[in-house]
Amino acid sequence: MSIFKGSAVALVTPFANGAIDYVALTRLIELQIVSGTDAIVVCGTTGEASTLSHDEKLEVIRHVVERVEGRVPVIAGSGGNCTEAVIEMSRGAEAVGVDGLLIVTPYYNKTSQDGLVAHYHAVAEQVRLPIIVYNVPSRTGVNVLPATMKRILEHENISGIKEASGNIEQIVNLAALCPDCDIYAGNDDHVVPVLSVGGKGVISTIANIVPEAMHKMCKFFFAGKIAEARELQFEMLPLWKAAFCDVNPIPIKTMMGMLHLCNAELRLPLVPPSKENVEFMKKVLGEYGMM
């Protein structure tokens, strides 16, 4: 059974003076829910999970679960490059009540395709929650091939994949080879193409600022209103370009600061964008009618 269908936001983690801003986090959660977001992903790449301590991650996850109160599924990012540490974080997230796990492929040390299968199966053996594999080779240096994903899916606790390879041919091959796999677009500019080959939705960065539009695009597609979904995809392209004019989540947090949704504060090694990129983001937001 799918964890969700439609648009999930890859929620930012707001900071204030170096600490997690739980007041802002609560506000962002409510904004997402009233805007129709179908699921909330916490402690992912956009949530700067790699700069959070183990305890901070669990506290953020717990806070989101408690504030959501079952209104939409909550999916926790629990990946890493040490299998035992991933198991520990996954079990911790399970204990605080999340509905699913998003687990990125091991990075830096990387692994072989056989190693990917072993890694995911080892984690899946230790939890009862459904797992979404997160494939983002540009960050991790390792790519989950379609044939490998077919093997990974042999474990009953693994339900799908967030595909951020940017390779449409690979995604089409994956959909053909693994018809029961829940495929989620990991790139905001690929939502309609992924849905067109049977995808279940998107895990979105720009849904932090346009949650209603991202939800509506998926809703249109599933209702057979393909032209309307396609038009929304085209309309949001400038926002996607702005959100990725620098390393994610630098731009999306900067734009959220401009829109007074939360502080634009980042944790090192991430730093504020250049003046040129700031002006570009302001221009895009202005053209979109948001400023």
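Further up the page is the structure itself.
Residues numbered from 1 in each chain as written. Predicted model: local features only at pLDDT ≥ 70, side-chain atom pairs only at ≥ 80, totals over all residues. Heavy atoms only, no water.

A. Quick peek at the overall build of the protein chain. Secondary structure summary: the protein chain contains 13 helices and 10 strands in total. Relative to the compact-globule value of 19 Å for 291 residues, the protein chain shows a C-alpha radius of gyration of 18 Å, a close match. Taken over the C-alpha atoms alone, the protein chain extends approximately 50 × 45 × 35 Å along its principal axes. When the 291 residues of the protein chain are sorted by exposure, 56% land in the buried category. Considering only intrachain contacts with a sequence separation of at least 6, the fraction spanning at least 24 residues in the protein chain is 70%. For the protein chain, the exposed surface amounts to about 12300 Å²; the carbon and sulfur share of it is 53%. (Helix = DSSP H or I, 4+ residues; strand = E, 2+ residues; numbered from the N terminus. Rg over C-alpha atoms; globule rule 2.2 N^0.38 Å. Buried < 20%, exposed > 50% of the residue type's maximum accessible area, 1.4 Å probe, protein only. Contact = heavy atoms within 4.5 Å. Areas by Shrake-Rupley, 256 points an atom, 1.4 Å probe, with all protein chains shown as cover.)

B. Highlighting the sheet that holds strand S1 (residues 6–10). Strand order around the closed barrel formed by eight strands is S1-S4-S5-S6-S7-S8-S9-S10, with parallel pairing between neighbours. Mean inter-strand twist for the sheet, computed between neighbouring axes without regard to direction, equals 25°. Strand direction decides the pairing type here: strand S8 (residues 158–163) and strand S9 (residues 182–185), joined by four bridges, are parallel. Bridging from a neighbouring strand, Ile161 pairs with Ile183 of S9. The sheet contacts of helix H7 (residues 168–177) involve strand S7 (131–135), S8 and S9, and relative to S8 the element is tilted by about 165°. (Pairing = 2+ DSSP bridges. Axes fitted to C-alpha atoms, helices over the stretch in contact; angles between N-to-C directions.)

C. Layout of the pairing of S8. Judged by how many residues are buried, S8 sits mostly within the fold: six of six residues are covered. For S7 and S8, the ladder comprises five bridges, and the chain directions are parallel. Counterpart to Ile131 in the pairing with S8 is Ile158. Of the crossover connections in this fold, the one passing from S8 over H7 to the parallel S9 is right-handed. (Right-handed = clockwise from strand over helix to strand, strands pointing away.)

D. Local environment of the pattern of salt bridges. Overall, the coordinates contain nine salt bridges when judged by the stated rule. Notably, a salt bridge pairs Glu30 with Arg71, separated by 2.7 Å at the nearest N-O pair. Here Glu30, found in helix H1 (residues 22–34), pairs with Arg71, found in the loop between helix H2 (54–68) and strand S5 (74–77); they are 41 residues apart in sequence, far enough to count as distant. For the salt bridge of Lys200 with Asp182, the shortest nitrogen-to-oxygen distance reads 2.7 Å. Note that Lys200 is positioned in the loop between helix H8 (191–196) and strand S10 (201–204) and Asp182 in strand S9, a separation of 18 residues in sequence. (Salt bridge = Lys/Arg side-chain N within 4 Å of Asp/Glu carboxyl O.)

E. Highlighting the packing of aromatic side chains. Evaluation of the coordinates by the stated rule reveals three aromatic pairs. When the ring of Phe4 is compared with that of Tyr184, the centres are 4.3 Å apart and the planes differ by 15°; the resulting orientation is stacked. Here Phe4 is found in the segment before S1, whereas its partner Tyr184 is found in strand S9, with 180 residues between them in sequence. Residue classification places Phe4 among the buried positions, given a relative accessible area of 4%. On the accessibility criterion, Tyr184 (1% relative accessible area) is buried. Taking the centre distance of 6.3 Å and the plane angle of 90° together, the rings of Phe221 and Phe222 count as edge-to-face. For Phe221, a relative accessible area of 14% translates into the label buried. Owing to a relative accessible area of 33%, Phe222 belongs among the partly exposed residues under this scheme. The ring of Phe222 has Lys5 sitting right over it, with the charged end atom 4.4 Å from the ring centre. (Phe/Tyr/Trp six-rings, centres within 6.5 Å; stacked < 30°, edge-to-face > 60°. Lys NZ or Arg CZ within 6 Å of the ring centre and 35° of its normal.)

F. A look at unusual backbone geometry. Along the chain, Asn248 connects to Pro249 via a cis peptide bond; the corresponding omega equals 10°. Within the secondary structure layout, Pro249 lies in the loop between helix H11 (237–243) and helix H12 (250–258). The amide bond that connects Leu268 to the next residue, Pro269, takes the cis arrangement and shows omega of 15°. Unusually for a residue other than glycine, Glu48 sits at a positive phi of about 55°.

G. Expanded view of H7. What H7 keeps buried is the set Gln170, Ile171, Leu174 and Ala175. Buried residues of H7, seen end-on, are gathered within an arc of 135° and therefore sit on one face of the element. Among the exposed residues of H7, those pointing more than 90 degrees away from its buried face are Glu169 and Ala176. Tucked inside the fold, the buried residues of H7 contact S7, helix H6 (146–152), S8, S9 and H8. For H7, the N-terminal capping position is held by Asn167, with its side-chain oxygen 3.1 Å away from the main-chain nitrogen of Glu169. (Arc of directions from axis to C-beta. Polar contact = N/O pair within 3.5 Å; in protein donor to acceptor, adjacent residues only side chain to side chain.)

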